[in-house]
Number of protein chains: 2
Amino acid sequence: MKSTIYDVANAAGVSIATVSKVVNRTGNISQKTREHVLSVMDELQYQPSAVASALTGKKTSTFGLLLSNIANPFFAEAARSLEDEARAADYSIVMCSTDNEDERSLNYLSLLQRKQVDGMIIACHFTDWSLLQPFLATNIPVVLFSKDISSLDVHTVTVDDYKGGYKAIEYLVHNGHHHIGIVAEAGPSGEHRIRGGQQAMKDADIQYRPEWITNVHSSIRDGYTGALQMLGQSERPSAIFACNDMLAVGVLQAAEELGLQVPSDLSIIGFDDTLLSQIVQPRLTTISQPISDMAHHTIQLLLRHADTPDMAKQKAIFQPKLIKGRSTQAITPTS
Amino acid sequence: MKSTIYDVANAAGVSIATVSKVVNRTGNISQKTREHVLSVMDELQYQPSAVASALTGKKTSTFGLLLSNIANPFFAEAARSLEDEARAADYSIVMCSTDNEDERSLNYLSLLQRKQVDGMIIACHFTDWSLLQPFLATNIPVVLFSKDISSLDVHTVTVDDYKGGYKAIEYLVHNGHHHIGIVAEAGPSGEHRIRGGQQAMKDADIQYRPEWITNVHSSIRDGYTGALQMLGQSERPSAIFACNDMLAVGVLQAAEELGLQVPSDLSIIGFDDTLLSQIVQPRLTTISQPISDMAHHTIQLLLRHADTPDMAKQKAIFQPKLIKGRSTQAITPTS
DNA sequence: CTGAAAGCGCTAACAT
DNA sequence: ATGTTAGCGCTTTCAG
């Protein structure tokens, strides 16, 4: 049977308070008893119960992580970074794949609340973000990761989506592309990336065409169908900016389907710099997010908020970076 | 402030025992009081504390999941399935990326133990599996997922690695390949896959060459260098069986590096049928594991073991399936 | 059908 | 420097 603090206290001939103190390194304990208790502890293989201590101490050392789908490489990579940062602070992470379904998210949220997690990271999408309001009201530490919902008063850690979109299009423009399509995922990030892209076009005096902007979901299939449709039009873009790597892969597949060579017939640029972008052929040009920095900041925010519940909500914006692959090339001046 | 069972009891004019009973649907409560209590509960937004109930009830409704690295697509996909199955039983999952480092794994294991998880799924690798012994001795529900360590008396859920290797090589052989290389990851699964492959060669009266079998770790880079070395020899295989998709991607990259066309110059077959195999060019032929079935079985085992601590340890072996891609082709009879 | 009371294992004053 | 004690929020006999 598992031994408790009482067993240790008895065996060591001290009180449970003393044991508690040596376990937590609190209070003043003589070197001698400390060592003695310590030795009894491992003799009995004593493991303090995190549950009991959570019930008293008010800390579970656990964070909840809501994401769309852990099987999606972007989220998996983010989860890994977040886990590492959490571990550094002695926290563990409960993962929750919501498939972006509001109801599932809400269920998970309340589950996590019942489990008294010390904070939640929300990296999934909501159809109706106002549903979050009641949770935020409880002032549980929450960080929105990689989405910025301006209407919500909550800590937010994102990449600068607008600038990312801008850089992507800017790069294409510098490479001589005037006919540029965009395949975006629905949602705030996608919109910001589009707007950034549009601005880049405007700054270069390039017209963007509404029919060359497609809003879809975020699977490979979505990118595929979106691109297929866009490229099926009488006049087709010479380059496509896909708002994330999954979509970009779909676009790539569509190009192949249509017999278009990438990058000679069609340049493609993605977003996120996930593993995917590194293994497709040709290696994707993409915009990378500094995920580890973002993860670090996220965990720090959670920790700080737990200490200072009344701290002002803060929005941190990280800088995206262009990663040059081989899915883009300068356009040969034919047209 | 969060309301407790006392608040509800007071507000409803009943005892906490009664509240507890309606929350847990236990005991006999009149329709009338039940409804009344229920209404008070949501009026007060009462959320039973999972922590407190765990301290008494002895269940946390949480499983621990140890895996090498959640950022690795195979594990991410497995994690997703496991999460779904766990959720169906009202359990959540704490993820732990160990990078296959024994010390980290051990730390996580004892952390999970302190958190009193109701079971652990081990899907990572140990250098020294005997380190697990002490944990198994506590008879905490444990399932080894996708590894079979015969020396350990523990529930095990795996794919038939031997047969998977056999099928892979058999397929190559049927396609006329006589010169077959293997790039394997160190560890039991890899070994079984190799052995199955070797048997398939033997059954077809094909010699396997020791210099065409490489044991590496399991990253893309490992597959790349392993293949580079193998293909750099004076006589090269016409086909390579990579023991997992990551390695296969590395092999693919090595082939490209060497200017070899896949599949015309070199056939490649992978293992796992992860997302990777679907997006590389050409689509990888691979051996798939029935991950959802395995995940289902894993969770059921954990659940059952919790009920019946003295149940015999069981080893479940699932059947692999060949997925035909375009990275393999029949050899043109030149040699 | 409902309630009183004894813990679960630990922490944190407050005493000694 | 160490011990006593009162909870934390809930489950579960056992009485009523």
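Residues numbered from 1 in each chain as written. Chains lettered and ligands numbered in written order. Predicted model: local features only at pLDDT ≥ 70, side-chain atom pairs only at ≥ 80, totals over all residues. Heavy atoms only, no water.

## Here's the deal with the protein's contact with DNA strand D
Move 1: DNA strand D sits among 25 residues. The nearest are A:Thr18, A:Asn28, B:Ile5, B:Ser20 and B:Tyr46.
Move 2: In the model, a phosphate oxygen of DNA strand D is placed 2.3 Å from a nitrogen or oxygen of the A:Asn28 side chain.
Move 3: Ranked by the residues each element gives to the surface near DNA strand D, the list is headed by helix α2 (residues 16-24) of chain B, at four residues.
Move 4: Residue classes in the surface near DNA strand D are distributed as 11 nonpolar, 13 polar and one charged. (Near = heavy atom within 4 Å. Polar contact = N/O pair within 3.5 Å; in protein donor to acceptor, adjacent residues only side chain to side chain. Helix = DSSP H or I, 4+ residues; strand = E, 2+ residues; numbered from the N terminus. Nonpolar A, V, L, I, M, F, W, Y, C, P; charged D, E, K, R; others polar.)

## Describing the protein's contact with DNA strand C
Move 1: Around DNA strand C, 24 residues are found, and the nearest of them are A:Ile5, A:Tyr46, B:Thr18, B:Lys21 and B:Asn28.
Move 2: Take the atoms of DNA strand C that sit within 4 Å of the protein: sugar and phosphate atoms are 67% of them.
Move 3: Between DNA strand C and the protein, one listed contact pairs a base nitrogen with a side-chain N or O atom of A:Tyr6 at 3.3 Å.
Move 4: In the model, a phosphate oxygen of DNA strand C is placed 2.8 Å from a nitrogen or oxygen of the B:Ser30 main chain.
Move 5: When contributions to the surface near DNA strand C are tallied by element, the ones reaching two or more residues are α1 (5-12), α2 (16-24) and α4 (50-57) of chain A together with α2 and α4 (50-57) of chain B.
Move 6: It is α2(A) that provides the largest number of residues to the surface near DNA strand C, a total of four residues.
Move 7: Split into classes, the residues belonging to the surface near DNA strand C amount to 11 nonpolar, 12 polar and one charged.

## Focus: the pairing of strand β10 (residues 285-288) of chain B
All names here are of chain B.
Move 1: Alternating positions in β10 separate into two faces, Thr285 and Ile287 on one and Thr286 and Ser288 on the other, with burial throughout.
Move 2: Bridge analysis of strand β9 (residues 267-272) against β10 gives four bridges, and the strand direction is parallel. Within β10, the position partnered with Asp272 by the bridge is Ser288. (Buried < 20%, exposed > 50% of the residue type's maximum accessible area, 1.4 Å probe, protein only. Pairing = 2+ DSSP bridges.)

## Considerations on helix α13 (residues 291-307) of chain A
Residue and element names in this part refer to chain A.
Move 1: With 17 residues, α13 should cover 24 Å at 1.5 Å per step; its first-to-last C-alpha distance of 25 Å lies within 8% of that length.
Move 2: For α13, every residue scored as buried is listed here: Ile291, Met294, Ala295, His297, Thr298, Ile299, Leu301, Leu302 and His305.
Move 3: Those residues of α13 that are buried lie in contact with β1 (62-67), α5 (73-88), β3 (119-123), β4 (142-145), β5 (155-159) and β11 (315-318). (Expected span 1.5 Å × (residues − 1). Contact = heavy atoms within 4.5 Å.)

## Here we look at the interface of chain A and chain B
Move 1: Listed by partner, the interface residues are 50 residues for chain A and 50 residues for chain B.
Move 2: With both chains or domains summed, chain A and chain B bury close to 4,300 Å², and 59% of this area falls on carbon and sulfur atoms.
Move 3: Applying the counting criterion to the chain A and chain B interface returns four salt bridges.
Move 4: Residue A:Glu256 is joined to B:Arg326 by a salt bridge in which the shortest nitrogen-to-oxygen separation is 3.9 Å.
Move 5: On inspection of chain A and its partner chain B, the count reaches 26 residue pairs in polar contact (both at pLDDT 80 or more).
Move 6: Within the residue set of the side of chain A that touches chain B, elements represented by two or more residues are α4, β1, α5, β2 (92-97), α6 (102-114), α11 (245-257) and α12 (275-279) of chain A.
Move 7: Among the elements that take part in the side of chain A that touches chain B, α5(A) stands out by supplying seven residues, more than any other.
Move 8: Considering only residue class, the side of chain A that touches chain B consists of 25 nonpolar, 15 polar and 10 charged. (Buried area = accessible area lost by both parts, 1.4 Å probe. Salt bridge = Lys/Arg side-chain N within 4 Å of Asp/Glu carboxyl O.)

## A word on the packing of α2(A) against helix α3 (residues 31-43) of chain A
In a pair of packed helices, the angle between the axes and the distance between the axes together describe the arrangement.
All names here are of chain A.
Move 1: At a minimum axis distance of 10 Å, the contact between α2 and α3 shows a crossing angle of 90°. It follows that α2 is roughly perpendicular to α3 by the angle criterion. Mapping the contact onto sequence places Val19, Val22 and Val23 in α2 and Val37, Leu38 and Met41 in α3.
Move 2: Along the lines of polarity and charge, the residues of the contact of α2 with α3 split into six nonpolar, no polar and no charged. (Axes fitted to C-alpha atoms, helices over the stretch in contact; angles between N-to-C directions. Parallel < 35°, antiparallel > 145°, perpendicular 65-115°, else oblique.)

## Concerning the packing of helix α1 (residues 5-12) of chain B against α2(B)
Residues and elements named next belong to chain B.
Move 1: Two elements in contact, α1 and α2, have axes separated by 8 Å at closest approach and are oriented at 105°. Considering the angle they form, α1 stands roughly perpendicular to α2. Of the residues in α2, those in contact with Ile5, Tyr6, Val8 and Ala9 of α1 are Ile16, Val19 and Ser20.

## Some details on the relation of the copies chain A and chain B
Move 1: Laying chain A over chain B is done by rotating through 180° and shifting 0.0 Å along the axis; what remains is an RMSD of 0.1 Å. With respect to symmetry, the two chain copies, as superposed, fit the operation of a two-fold axis. In terms of C-alpha distance to the rotation axis, chain A has A:Val94 as its closest residue, with the C-alpha 2.1 Å off the axis.
Move 2: An overlap of 100% is found between the interface residues of chain A and their copies at the interface of chain B, pointing to a shared contact surface. (Least-squares fit on C-alpha atoms with pLDDT ≥ 70 in both.)

## Some remarks on the pattern of salt bridges
Move 1: Counted under the stated rule, the structure contains 20 salt bridges over all chains.
Move 2: Across the pair B:Arg80 and A:Asp99 runs a salt bridge whose closest N-O atoms are separated by 2.3 Å. Residue B:Arg80 is located in helix α5 (residues 73-88), and its partner A:Asp99 is located in the loop between β2 and α6; the two belong to separate chains.
Move 3: A relative accessible area of 32% means that A:Asp99 is categorised as partly exposed.
Move 4: Here B:Arg193 ties to B:Asp161 by a salt bridge, and the two come within 2.7 Å at their closest N and O atoms.

## Remarks on the domain arrangement of chain A
All names here are of chain A.
Move 1: Each assigned domain of chain A is listed with its residue range as follows: domain 1 (5-48), domain 2 (62-160 + 290-319) and domain 3 (161-289).
Move 2: Taking only C-alpha atoms into account, the centre of domain 2 sits 28 Å from that of domain 3.
Move 3: At the junction of the two partners, domain 2 supplies 15 residues and domain 3 supplies 18 residues.
Move 4: Around 1,300 Å² of area is buried between domain 2 and domain 3 when both sides are counted, 54% of it from carbon and sulfur atoms.
Move 5: The largest contributions to the domain 2 side of the interface with domain 3 come from Phe74, Val159 and Asp160, which together make up 37% of the buried area. (Domains from an automatic or database assignment.)

## Re the sheet that holds strand β6 (residues 180-185) of chain A
All names here are of chain A.
Move 1: With mixed pairing, six strands are arranged side by side in an open sheet as β7-β6-β8-β9-β10-β12. Two strands lie at the open edges of the sheet, namely β7 (213-216) and β12 (321-323), each paired on one side alone. Going from strand to strand, the sheet's axes swing by 20° on average, the running direction of each strand aside.
Move 2: Pairing analysis gives four bridges linking β6 to β7, with the strands arranged parallel. Note that in β7 the partner of Ala184 across the bridge is Asn215.
Move 3: Packing of helix α10 (residues 220-231) onto the sheet brings it into contact with β6, β7 and β8 (239-242), and relative to β7 it is tilted by some 155°.

## Side note on the packing of aromatic side chains
Move 1: Following the criterion strictly, the structure yields eight aromatic pairs over all chains and no others.
Move 2: Taking 6.4 Å as the distance between ring centres and 35° as the angle between the ring planes, the aromatic pair formed by B:Phe241 and B:Phe271 counts as tilted. Taken together, the positions of B:Phe241 in strand β8 (residues 239-242) and B:Phe271 in strand β9 put the pair 30 residues apart, joining distant regions of the chain.
Move 3: Of note, A:Arg193 hangs over the ring of A:Phe271, and the distance from its end group to the ring centre comes to 3.7 Å. (Phe/Tyr/Trp six-rings, centres within 6.5 Å; stacked < 30°, edge-to-face > 60°. Lys NZ or Arg CZ within 6 Å of the ring centre and 35° of its normal.)

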